[in-house]
Amino acid sequence: MECLERGYESSGVSSVVNGVSLLYSAEQARRHEVRPGITGWAQVNGRNTLSWDEKFKLDVWYVDNRTFMLDLKILFLTIKKVVARDGVSAIGEATMPKFEGCKK
């Protein structure tokens, strides 16, 4: 995966250009093709137990496959996950590890 190249020097701080973090690869940035909501496909498929790569893949899958029926399914599964407290935190983390950017 190649990070977005914008001619900046990495300072450890997430830079944003046109609302998209420079830490994302072009494929990862596709998650911003839809407006954020209260839940999502990655949240109902592992939540904070997923790696960042897995989350990005699920987010992009949603961008490519979104429908009203899928949104209803996500809403139903979100309620089920919240009630069951499923996937709240990754092992050894309060929630999940910080996203450090894509691998070059």
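Before any of the text, the structure's been laid out above.
The notes below deal with the structure included here.

About the thresholds
Residues numbered from 1 in each chain as written. Predicted model: local features only at pLDDT ≥ 70, side-chain atom pairs only at ≥ 80, totals over all residues. Heavy atoms only, no water. Helix = DSSP H or I, 4+ residues; strand = E, 2+ residues; numbered from the N terminus. Contact = heavy atoms within 4.5 Å. Areas by Shrake-Rupley, 256 points an atom, 1.4 Å probe, with all protein chains shown as cover. Phe/Tyr/Trp six-rings, centres within 6.5 Å; stacked < 30°, edge-to-face > 60°. Buried < 20%, exposed > 50% of the residue type's maximum accessible area, 1.4 Å probe, protein only. Lys NZ or Arg CZ within 6 Å of the ring centre and 35° of its normal. Patch = residues over 30% accessible without salt bridge, like charges linked within 9 Å, V, L, I, M, F, W, Y side chains within 5 Å. Salt bridge = Lys/Arg side-chain N within 4 Å of Asp/Glu carboxyl O. Expected span 1.5 Å × (residues − 1). Arc of directions from axis to C-beta.

Our focus in this paragraph is the overall build of the protein. When helices and strands are counted, the protein shows four helices and two strands. Its helices and strands taken in sequence order, the protein reads β-β-α-α-α-α from the N to the C terminus. Considering only contacts in the protein between residues 6 or more positions apart, those separated by 24 or more positions represent 63%. Accessible area of the protein: about 7,400 Å², with a carbon and sulfur share of 55%.

This part covers the packing of aromatic side chains. Each pair of aromatic rings is reported with the distance of its centres and the angle of its planes. In this structure the tally under the stated criterion is two aromatic pairs. For the ring pair Trp-41 and Trp-61, a centre distance of 5.1 Å and an interplane angle of 25 degrees mean the geometry is stacked. Residue Trp-41 is found in helix H2 (residues 41-44), and its partner Trp-61 is found in helix H3 (residues 52-65); the two are separated by 20 residues along the sequence. When the centroid spacing of 5.8 Å and the interplanar angle of 35 degrees are considered together, the rings of Trp-52 and Phe-56 count as tilted. Remark: Phe-56 and Trp-52 occur in helix H3; sequence separation between them is four residues, near one turn of the helix. We classify Phe-56 as buried; its relative accessible area is 4%. Over the ring of Trp-52 we find Lys-55; its NZ or CZ atom is 5.3 Å from the centre of that ring.

On the surface, Ile-38, Leu-75, Ile-79 and Val-83 cluster together to form a nonpolar patch covering roughly 470 Å² of accessible area. Within the fold, Val-83 resides in helix H4 (residues 68-84). Given a relative accessible area of 70%, Val-83 falls into the exposed group.

It is worth spelling out H4 at this point. The end-to-end C-alpha separation of H4 is 25 Å, in line with the 24 Å expected for 17 residues at 1.5 Å each. Burial in H4 covers these residues: Leu-70, Ile-74, Leu-77 and Thr-78. Down the axis of H4, the buried set is contained in an arc of 115 degrees. They therefore lie on one face. Exposed and oriented more than 90 degrees from the buried face of H4 are Phe-68, Met-69, Phe-76, Ile-79, Lys-80 and Val-83. Backbone geometry just after H4 places Arg-85 at a positive phi near 55 degrees.

Structural measurements only, silent on function.
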